Amino acid sequence: MSQVQQGGTPINKSATATISIVSGTLIGFYVNSTYAGTLVLRVGSAGTSSGTAISGTITPAVGFHCYPAYCPDGLHATIAVAALDVTFFFSAG
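In what follows, the accompanying structure is described. Keep in mind that this is a model prediction, so the values were computed, not measured.

## Quick notes on a nonpolar patch on the surface
Link 1 in the chain: On the surface, a nonpolar cluster with roughly 290 Å² of combined accessible area is contributed by Tyr-30, Val-62 and Phe-64.
Link 2 in the chain: With respect to the helices and strands, the residue Phe-64 is situated in strand β6 (residues 63-71).
Link 3 in the chain: Given the relative accessible area of 45%, Phe-64 is considered partly exposed.

Below is the structure:
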């Protein structure tokens, strides 16, 4: 029987940053505000920018975006182009 992850720790970022240095599950993210900002998600390498991209370049709209993904060895978010304020929901473990 599989389990469904329904909650995680909210982590707010508005610039390129490590979301987590440990393995876990990204549940999704909520875009609080944007002005044509872009986002690239990377896993591995303890949440650094040298991790493997698990997304292309995303130009998200304001609102919640479901993005369930297992992130072995951490998660990193590259936020670029313009302003983007986003809250990630991440569950370690």
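## So, the sheet that holds β6
Link 1 in the chain: Ordered in space as β1-β8-β3-β6, the four strands form an open sheet in which the pairing is antiparallel. Across the chains shown, the open sheet's two edge strands, defined by having one partner strand only, are β1 (9-13) and β6. When the angles between neighbouring strand axes are averaged without regard to direction, this sheet yields 25°.
Link 2 in the chain: Summarising the sheet, strand β3 (residues 24-34) and strand β8 (residues 84-92) pair through nine bridges and their orientation is antiparallel. Within β8, the residue paired with Phe-29 across the bridge is Phe-88.

## As for unusual backbone geometry
Link 1 in the chain: Phi at Ala-36 takes a positive value of approximately 65°, unusual for a residue other than glycine.
Link 2 in the chain: Backbone geometry at Ala-46 places phi at a positive 55°, although glycine is not the residue there.
Link 3 in the chain: Inspection of the secondary structure puts Ala-46 in the loop between β4 (38-43) and β5 (52-53).

## Regarding the environment of Pro-60
Link 1 in the chain: Along the chain, Pro-60 turns up in the loop between β5 and β6.
Link 2 in the chain: Note: C-alpha distance between Pro-60 and Ser-91 (31 residues apart in sequence) is 21 Å.
Link 3 in the chain: Non-local contacts of Pro-60, meaning those with residues more than four positions away in its chain, are made with Phe-29, Val-31, Thr-34, Gly-37, His-65 and Leu-84.

## Focus on the sheet that holds β4
Backbone hydrogen bonds are what pair the strands of a sheet, in a parallel or an antiparallel way.
Link 1 in the chain: Pairing within the open sheet is antiparallel, and its four strands lie in the order β2-β7-β4-β5. Because the sheet does not close on itself, it has two edges, and the strands there are β2 (17-20) and β5.
Link 2 in the chain: Both β4 and β5 contribute to a ladder of two bridges, which runs antiparallel. Its bridge partner lying in β5, Val-43 is registered against Thr-52.

## Re the packing of aromatic side chains
Any pair of aromatic rings gets described here by the distance separating the centres and the angle formed by the planes.
Link 1 in the chain: A full pass over the atoms with the stated rule returns three aromatic pairs.
Link 2 in the chain: An angle of 45° between the planes, with centres 6.1 Å apart, marks the rings of Phe-29 and Phe-88 as tilted. With Phe-29 in strand β3 and Phe-88 in strand β8, this pair connects stretches of sequence that are 59 residues apart. Each member of the pair, Phe-29 together with Phe-88, is buried.
Link 3 in the chain: With centroids separated by 6.2 Å and ring planes inclined at 55°, the aromatic side chains of Phe-64 and Phe-89 adopt a geometry described as tilted. Of this pair, Phe-64 sits in strand β6 while Phe-89 is found in strand β8, placing the two residues 25 residues apart along the sequence.
Link 4 in the chain: Since its relative accessible area comes to 24%, Phe-89 is described here as partly exposed.
Link 5 in the chain: An aromatic cluster is built from Phe-29, Tyr-67 and Phe-88, whose rings are joined through pairwise contacts.

So, how was this worked out
- The residue count restarts for each chain, going from 1 along the sequence in the order it is written.
- The predicted origin of the model limits local features to residues at a pLDDT of at least 70 and limits the giving and counting of side-chain atom pairs to 80 or more, whereas totals for whole chains, interfaces and linings rest on all residues.
- As a rule here, side-chain values come from all non-hydrogen atoms in the structure, and water together with hydrogens is ignored.
- Residues enter a patch when their relative accessible area is above 30% and they make no salt bridge; the linking distance is 9 Å between like charges and 5 Å between nonpolar side chains (Val, Leu, Ile, Met, Phe, Trp, Tyr).
- Accessible surface is estimated by sampling points in the Shrake-Rupley manner with a 1.4 Å probe; for residues, cover comes only from the protein chains shown.
- Just to be clear on terms, a salt bridge is a Lys or Arg side-chain nitrogen sitting within 4 Å of an Asp or Glu carboxyl oxygen.
- Elements are defined by DSSP. Helices are runs of H or I of four residues or more, strands are runs of E of two residues or more, and each kind is numbered from the N terminus.
- The buried label applies to any residue whose accessible area, calculated with a 1.4 Å probe on protein chains only, is under 20% of its type's maximum; exposed applies above 50%, and partly exposed to all values in between.
- What makes two strands pair is DSSP finding at least two bridges between them.
- Note on geometry: axes are C-alpha line fits, over the in-contact stretch for helices, and angles between N-to-C directions span 0 to 180 degrees.
- Every residue pair with non-hydrogen atoms within 4.5 Å of one another is taken to be in contact.
- What counts as a ring pair is set by centres within 6.5 Å for rings of Phe, Tyr and Trp (its six-membered ring), and what kind of pair is set by the plane angle: stacked under 30 degrees, edge-to-face over 60, tilted for all other angles.

Everything listed here is a matter of geometry and, on its own, says nothing about what the molecule does.
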